[in-house]
Amino acid sequence: MNKANNERAVSRPAVFREPGALLYAGNCQDLMKASLAGQVSLNAWTRRGYPGTDLGKALPQVCSVGGWDATTPQDWGLREHCNEGVKIAYLARGSLTITMDGRKTTLNEGQMFVVRPWQLHALGDPTIGASHIIWVLMDMGVRRPHETWLWPDWIGWPERDRKRLSELLSKNEQISYLASRDVTRTFLEIHEVVAGGDIEGGEARLRLLISMMLLQFRQMLESQAPVLDLALASSKRTVEIFLKRLRHALDEDWTLENMAAECNLSRTQFTQHCQVLTNMTPVRYLQMLRLNAARQLLEDGRQSVTHVAFDCGFSSSQYFATCYKKRFGFSPMETPRQDTLVQSRGDKLTAGIHSST
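The written sequence of each chain sets the order in which its residues are numbered from 1. Totals for whole chains, interfaces and linings use every residue, but because this is a predicted model, local features are given only for residues with pLDDT of at least 70 and side-chain atom pairs only at 80 or more, for both listing and counting. Water and hydrogen atoms play no part in the side-chain values, which are based on all heavy atoms of the structure.

Caption draft 1: Up close: the overall build of the protein chain. Along the protein chain, the regular secondary structure elements total 12 helices and 10 strands. Only protein chains enter the accessibility calculation, which uses a 1.4 Å probe; a residue is then buried when its area is under 20% of its type maximum, exposed when over 50%, and partly exposed in between. In the protein chain, which comprises 357 residues, the share counted as buried stands at 51%. Two residues form a contact once any of their heavy atoms are found within 4.5 Å. Within the protein chain, contacts between residues separated by at least 24 positions form 69% of all contacts whose residues are at least 6 apart in sequence. Using a 1.4 Å probe, the Shrake-Rupley method yields the accessible areas, and only the shown protein chains count as cover for residues. Total accessible area on the protein chain is roughly 17,500 Å²; 50% of this is exposed by carbon and sulfur atoms. A run of DSSP states H or I qualifies as a helix once it reaches four residues; a run of E qualifies as a strand once it reaches two. Both are numbered from the N-terminal end.

Here is the structure:
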């Protein structure tokens, strides 16, 4: 990988910028607050706002390396978010519940887990138990499943070996692994270097340790003879993830162009995948999501028609009303509220009981 690619991987921004967006990259503020309050011991070297000591120019492409040590159960957890890189972590003590794309798994001492940038995940159930976790979070220049991984120059592997590890991590989304003795030993050494606090003096050793950990992890994965799924690293899956999370960002000013750009695909590619997945064009699918969401809000009865229109991404309440009536057969103002629907069902049930008696 050349220097330009390396710099692109380091400087690439998160896909979304604000909490609540589709692929919001969280920076673990709950962990930072717990550390400042003395609830948990945090030793980490970081950049981009992640909690810990600023790396400066050391360890290019590393977003965070280090760990936390919680000797007692905590009253906080890391809420659902995405990372700005690939996280490989080892649980040195205790247990930890992780929820990955809706699937909940409890890890025990000696296990590892991997989180890719597009995976929504939360740590805790909902709070963190007593645990010691060590991690390496590296920006590979990817935010979506189909993109090409860019490894740091300082990991001096042949290209074929970089490509193989990329395949093992992108086309296999197993959440947890039992760490080998070698991987365990290297993670503990990584933690020891970071806990020493000397970035300048420890950088060279840490580069070697991270490279060694990745090599040992790759050997561990190869020994399991994993079956790789090409679909996990396809552009179709990128679109599938985008469409699944689109309902959480309906107020964005979406066009065909910026939806395709959000998936890092051409308009033609994006449209073709959308039609296969939804049997609709992207614009039609977006409007369906917006109208269905609007109906739910109107049935709830807590917002005005105008507020609902704008919250669901419509540019005017008049246009919203026209589209709404065309889809549902009645106007937004005529939408029955949820309490009315419940009362109506109750009245029908009562009437049915009386007629049967």
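Caption draft 2: Highlighting the layout of surface pockets. Residues are called lining when one of their atoms sits within 4 Å of a cavity or pocket point, these points coming from a 1 Å grid over the protein atoms alone, where a cavity is a set in which a 1.4 Å probe fits but cannot get out and a pocket is an open set with protein on both sides within 12 Å along at least five of seven lines. Grid points are joined across faces, edges and corners, and a volume is the space filled by probe spheres set on the points. Computed from the structure, the second largest pocket encloses a volume of approximately 310 Å³. Taken together, 16 residues make up the lining of the second largest pocket; nearest its centre are Glu147, Thr148, Trp149, Lys163 and Ser166. Note on residue classes: Ala, Val, Leu, Ile, Met, Phe, Trp, Tyr, Cys and Pro are nonpolar, Asp, Glu, Lys and Arg are charged, and everything else, Gly too, is polar. Its residues assigned to classes, the lining of the second largest pocket comprises six nonpolar, four polar and six charged.

Caption draft 3: Focus on the pairing of strand β7 (residues 111-115). Extensive coverage of β7 is indicated by the burial of five of its five residues. As judged from the four bridges shared by strand β5 (residues 86-100) and β7, these two strands associate in the antiparallel manner. By the bridge assignment, tyrosine 90 is partnered in β7 with methionine 112. With three bridges joining them, β7 and strand β10 (residues 176-178) adopt antiparallel strand pairing. Note that in β10 the partner of glutamine 111 across the bridge is leucine 178. Pairing between strands is defined by DSSP: at least two bridges between them are needed.

Caption draft 4: Seen up close, the pattern of salt bridges. Each salt bridge in this description consists of a side-chain nitrogen of Lys or Arg and a carboxyl oxygen of Asp or Glu lying within 4 Å of one another. In the structure shown here, the tally under the stated rule is 21 salt bridges. With a shortest N-O distance of 3.2 Å, aspartate 101 and arginine 245 are connected by a salt bridge. You can see aspartate 101 sitting in the loop between β5 and β6 (103-108) and its partner arginine 245 sitting in helix α6 (residues 235-245), a full 144 residues away along the chain. With a relative accessible area of 30%, aspartate 101 lands in the partly exposed category. In this structure, glutamate 167 engages lysine 171 in a salt bridge whose closest nitrogen and oxygen atoms are separated by 3.9 Å. Assessed through its relative accessible area of 22%, glutamate 167 is described here as partly exposed. Linked through salt bridges whose partners overlap, the residues forming this network are Asp161, Arg164, Glu167, Lys171, Arg218 and Glu222.

Caption draft 5: Main features of the state of the cysteines. We call a pair of cysteine sulfur atoms a disulfide when they lie within 2.5 Å. By the definition in use, this model includes zero disulfides. Unpaired in terms of disulfides, cysteine 274 finds its nearest cysteine sulfur in cysteine 263, a separation of 9.3 Å.

Caption draft 6: Quick look at a negative patch on the surface. Patch rule: a residue counts if its relative accessible area is over 30% and it has no salt bridge; like charges are joined within 9 Å, and nonpolar side chains (Val, Leu, Ile, Met, Phe, Trp, Tyr) within 5 Å. For the charge count, each Lys or Arg is scored as positive and each Asp or Glu as negative, with His and the chain ends excluded. For the purpose of locating charges, the reference atoms are NZ of Lys, CZ of Arg, CG of Asp and CD of Glu. Residues Asp251, Glu252, Asp253 and Asp311 make up a contiguous surface patch of negative charge. Here aspartate 311 lies in helix α10 (residues 305-311). Of the residues examined, aspartate 311 reaches a relative accessible area of 41% and is grouped as partly exposed.

Caption draft 7: Region of the structure containing empty space enclosed by the protein. All told, the structure shown has four cavities of 30 Å³ or more when counted by the stated rule. In this model, the second largest cavity occupies a volume close to 80 Å³. Around the second largest cavity, the lining residues are Cys28, Leu31, Tyr50, Pro51, Ser64, Leu78, Asn83, Lys87, Trp135 and Leu137. Considered class by class, the residues forming the lining of the second largest cavity number seven nonpolar, two polar and one charged.

Caption draft 8: Summary view of the nonpolar core. Among buried residues, the Ala, Val, Leu, Ile, Met, Phe, Trp, Tyr and Cys ones that are joined through side-chain atoms within 4.5 Å form a nonpolar core. The biggest cluster of nonpolar side chains holds 43 residues, and the ones touching the most others in it are Val65, Ile88, Phe187, Leu206, Ile210, Leu214 and Phe217. Those elements that provide at least two residues to this core are β3 (62-70), β5, β7, β9 (131-138), α3 (159-170), α4 (181-196) and α5 (199-223). Top contributing element to this core by residue count: α5, with nine residues. Apart from the residues lying within four places of it in its own chain, the contact partners of leucine 206 are Trp45, Leu59, Val65, Ile190, Val193 and Val194.

Caption draft 9: Just the pairing of β3, in detail. Counting buried positions along β3 yields eight of nine residues, so the element is predominantly enclosed. In this structure, strand β1 (residues 41-46) lies alongside β3, joined through six bridges in antiparallel fashion. Each bridged residue has a counterpart across the sheet, and for leucine 42 the counterpart in β3 is tryptophan 68. Of the strand pairs in this sheet, β3 and β9 are connected by eight bridges, and their pairing is antiparallel. Bridge pairing in β9 places serine 64 opposite leucine 137.

Caption draft 10: Representation of the side chain of histidine 273. Note that histidine 273 resides in helix α8 (residues 267-278). In this structure histidine 273 comes out as buried when scored by relative accessible area, which is 18%.

Caption draft 11: Here's a closer look at the packing of α6 against α8. It is the contact of α6 with α8, at a shortest axis distance of 9 Å, that shows an interaxial angle of 65 degrees. The angle between α6 and α8 places the two elements in the roughly perpendicular class. Where α6 crosses over α8, the handedness of that crossing is right-handed. Between α6, through Ser235, Lys236, Val239, Glu240, Phe242 and Leu243, and α8, the contact on the second element is made entirely by Phe270, His273, Cys274, Val276, Leu277 and Thr278. Here the residues of the contact of α6 with α8 sort into seven nonpolar, three polar and two charged. Only the contacting stretch of a helix is used when fitting its axis, a line to C-alpha atoms as for every element, and angles between N-to-C directions run 0 to 180 degrees. Here roughly perpendicular refers to angles of 65 to 115 degrees, roughly parallel to angles under 35, roughly antiparallel to angles over 145, and oblique to all remaining angles. The crossing is said to be left-handed when, going from far helix to near helix, the turn is anticlockwise and less than a right angle, and right-handed when the turn is clockwise.

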